[in-house]
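# Fold and geometry: a report
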Amino acid sequence: MALENAEVLKNLQEQLTTVQQQVATGQTTVLRLQGAIDVLSQIEESKEETTEEAPVDGGEVAGEGQEG
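Okay, so let's go over this structure. As the structure is a prediction and not an experimental result, all values here were calculated from the model.

Calculation notes
- Residues numbered from 1 in each chain as written.
- Predicted model: local features only at pLDDT ≥ 70, side-chain atom pairs only at ≥ 80, totals over all residues.
- Heavy atoms only, no water.
- Helix = DSSP H or I, 4+ residues; strand = E, 2+ residues; numbered from the N terminus.
- Buried < 20%, exposed > 50% of the residue type's maximum accessible area, 1.4 Å probe, protein only.
- Areas by Shrake-Rupley, 256 points an atom, 1.4 Å probe, with all protein chains shown as cover.
- Patch = residues over 30% accessible without salt bridge, like charges linked within 9 Å, V, L, I, M, F, W, Y side chains within 5 Å.
- Salt bridge = Lys/Arg side-chain N within 4 Å of Asp/Glu carboxyl O.
- Lys, Arg positive; Asp, Glu negative; His and termini not counted.
- Charge placed at Lys NZ, Arg CZ, Asp CG, Glu CD.

### With respect to the overall build of the chain
Within the chain, the secondary structure is distributed over one helix and zero strands. Within the chain, buried positions represent 0% of all 68 residues. With the model as given, the accessible surface of the chain reaches about 6400 Å², and the carbon-plus-sulfur share is 54%.

The following block contains the structure:
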């Protein structure tokens, strides 16, 4: 028994709706992942900057000239 065009059309429209919902969910997931990556990258960069400016023995900041 062959499918009627109307039935095929209905099935295709349902599939399209399902795929559009999946795409929207995927786009939301991509945005969340990008946001998380950005935040963690900024945290790591901040940690690296803090490490570079960390005080040495007597509390001086590395790179400052000292009279002695």
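### Considering a nonpolar patch on the surface
A contiguous nonpolar surface patch, about 260 Å² in accessible area, is contributed by Leu 3, Val 8 and Leu 12. Residue position: Leu 12 is located in helix α1 (residues 5-52). Overall, Leu 12 belongs to the partly exposed group, its relative accessible area being 49%.

### Considerations on a negative patch on the surface
Side chains of Glu 45, Glu 48, Glu 49, Glu 52 and Glu 53 sit close together on the surface and give a patch of like negative charge. Along the chain, the position of Glu 52 falls in helix α1. Given a relative accessible area of 60%, Glu 52 falls into the exposed group.

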